[in-house]
Amino acid sequence: MGKKNNENLICLMFSVLLFSGNVFSQTANSFDINRYSTFGAGFFETYYVQSTRFLREALSAELIAEDTAILITKTDAGYLALIRDQMAFHHIAQGTVNGKDWMATFWVVCNSGVSLIPTIESVRYNFINSGLYDGLFVLQDKETETLWNHMTGEAVYGHHAGLRMEVSNLLNMNVEQALALDADIEIAISDRRYNMIRSTATTYSPSNSDAKLMEQFVVTLGEEDQRRPRMDMGLGVWTDSSQRYYPLETLRSQGNYMVDTVDDRDLLVFLEPLTST
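Every value quoted in this text rests on a predicted model; they were computed, and no experiment measured them.

K.L.:
Talk me through the overall build of the chain; I want residue IDs and the actual numbers.
P.N.:
A count of helical and extended segments in the chain gives five helices and 21 strands. For the chain, with 277 residues in total, the buried portion stands at 49%. Sequence-distant contacts in the chain: of pairs separated by 6 or more residues, those separated by 24 or more amount to 64%. Per element, the accessible surface of the chain, about 13700 Å² overall, is 47% carbon and sulfur.

K.L.:
Describe the sheet that holds strand 11 (residues 127-133), and please don't skip the residues or the numbers.
P.N.:
Consider a sheet: its strands pair through backbone hydrogen bonds, and that pairing is either parallel or antiparallel. Spatially, 11-12-13-14 is the arrangement adopted by the four strands of the open sheet, whose pairing is antiparallel. Each having just a single partner strand, strand 11 and strand 14 (155-157) make up the two edges of the open sheet. The mean angle between the axes of side-by-side strands here comes to 45°, regardless of whether they run parallel or antiparallel. Bridge analysis of strand 12 (residues 136-141) against strand 13 (residues 147-149) gives three bridges, and the strand direction is antiparallel. By the bridge assignment, Val138 is partnered in strand 13 with Asn149.

K.L.:
Break down unusual backbone geometry for me, citing the residues and quoting the values.
P.N.:
A positive phi is found at Glu145, a non-glycine position, where the angle reads about 65°. Here Glu145 lies in the loop between strand 12 and strand 13. Despite not being glycine, Asp263 has its phi angle at roughly 50°, a positive value. Turning to its location among the elements, Asp263 is positioned in the loop between strand 20 (257-262) and strand 21 (265-270). Residue classification places Asp263 among the partly exposed residues on the basis of a relative accessible area of 30%.

K.L.:
Lay out the sheet that holds strand 7 (residues 100-107) in plain terms, naming residues and giving numbers.
P.N.:
Within the open sheet, the five strands sit side by side as 2-6-7-8-15. Their pairing is mixed. In the strand order of this sheet, the two ends are held by strand 2 (47-48) and strand 15 (167-169), each with one partner. Bridge count between strand 2 and strand 6 (residues 92-97): two bridges; the pairing is parallel. Across the sheet, Tyr48 pairs through a bridge with Gln94, a residue of strand 6.

K.L.:
Lay out the environment of Ala104 in plain terms, naming residues and giving numbers.
P.N.:
With respect to the helices, strands and loops of the structure, Ala104 is situated in strand 7. Ala104 sits in the buried class, given a relative accessible area of 0%. If we skip the residues at most four places from it in the chain, Ala104 touches Thr73, Leu82, Met87, His91, Ile92, Ala93, Val114, Ser115 and Leu170.

K.L.:
Account for a nonpolar patch on the surface, with residues named and values stated.
P.N.:
Nonpolar side chains collect at one region of the surface, where Tyr257, Val259, Leu268 and Phe270 lie side by side and expose about 430 Å² of accessible area between them. Those elements that place two or more of their residues in the nonpolar patch are strand 20 and strand 21. Note that Leu268 resides in strand 21.

K.L.:
Break down the pattern of salt bridges for me, citing the residues and quoting the values.
P.N.:
One pass over the structure, following the stated rule, counts nine salt bridges. Residue Arg228 is joined to Asp232 by a salt bridge in which the shortest nitrogen-to-oxygen separation is 2.9 Å. Residue class for Asp232 comes out buried when judged on its relative accessible area of 10%. A salt bridge links Glu249 to Arg228; the nearest nitrogen and oxygen atoms lie 2.9 Å apart. On the criterion of sequence distance, the pair formed by Glu249 in helix 5 (residues 248-253) and Arg228 in the loop between helix 4 (215-218) and strand 18 (233-238) is long-range, its members being 21 residues apart. Glu249 sits in the exposed class, given a relative accessible area of 51%. Through salt bridges that share partners, Asp32, Arg35 and Asp134 make up one connected network.

K.L.:
Before we move on, could you go through the nonpolar core and cite the residues and values that matter?
P.N.:
Met103, Trp107, Leu116, Phe127, Leu139, Trp148 and Met165 are the most contacted members of the largest nonpolar core, which has 24 residues in total. Going through the elements one at a time, strand 7, strand 8 (112-116), strand 11 and strand 12 are the ones with two or more residues in this core. Among the elements that line this core, the one with the most residues is strand 12, at three residues. Judged by nonpolar contacts, the second largest core, of 15 residues, contains Ala88, Ala93, Phe106 and Leu170.

K.L.:
Describe the pairing of strand 18, listing the residues and the values that go with them.
P.N.:
Extensive coverage of strand 18 is indicated by the burial of six of its six residues. Two elements, strand 18 and strand 19 (residues 243-247), share five bridges in a ladder whose sense is antiparallel. Within the sheet, the bridge partner assigned to Gly234 lies in strand 19 and is Pro247. Two successive antiparallel strands, strand 18 and strand 19, enclose a turn made up of four residues.

Conventions used here
Residues numbered from 1 in each chain as written. Predicted model: local features only at pLDDT ≥ 70, side-chain atom pairs only at ≥ 80, totals over all residues. Heavy atoms only, no water. Helix = DSSP H or I, 4+ residues; strand = E, 2+ residues; numbered from the N terminus. Buried < 20%, exposed > 50% of the residue type's maximum accessible area, 1.4 Å probe, protein only. Contact = heavy atoms within 4.5 Å. Areas by Shrake-Rupley, 256 points an atom, 1.4 Å probe, with all protein chains shown as cover. Pairing = 2+ DSSP bridges. Axes fitted to C-alpha atoms, helices over the stretch in contact; angles between N-to-C directions. Patch = residues over 30% accessible without salt bridge, like charges linked within 9 Å, V, L, I, M, F, W, Y side chains within 5 Å. Salt bridge = Lys/Arg side-chain N within 4 Å of Asp/Glu carboxyl O. Core = buried A, V, L, I, M, F, W, Y, C linked by side-chain atoms within 4.5 Å.

Here it is, written out as structure tokens:
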């Protein structure tokens, strides 16, 4: 069956909008199918990865630049890079390495993403973007049409409701940083056009006080969370027993970093200067 998160794992969500619907409360028990919208369904294409190359070779071939924004997931072969600009379109990338399935999801609107294992009860499932709920895109497996939360990995509606995929971090960095992390890291590049210098996919900027949600997003929101403004930006952190949210303005007021304790573990939260994540 679907696996629960490793209790020792602290999952980090990228800078995200604090929409009125809490991503952590999206469960099979609370999911309201009347707020689910199929807006965007069929437009975005999942990237089924068939081949990869060394990141350093792609850099030498000028397919990417040192400051190209990338997302880092982990497969059975090690770290794998995905071009952020491409993932802004695909939303989902998945594949199989050494017989082990992997998947990464990314929602550019609020800069949120995770790594998942798309294996349910020992069977690999194939996923698409099926619409919106609580302002976030919704995963749907092709095989049973079950709806899944793309951040928590939980099935929220349909045949597999209540099961959960194994979830881990999706890292956000540039090519130079990735090569410093692992000189042998590989990259998967789809046929989708991309800008290797500066991403053309726009993420909400916290400095834009006039930013508003499109009506197609608003209609999927639940009860408004009044603790922070709707368009607030920050970092979400969760484990099996804890949930924390660190507003961007709080980080900036404390010198772009802060130290906290989560589940008896020290946690350093900081605003990375090169990628602003």
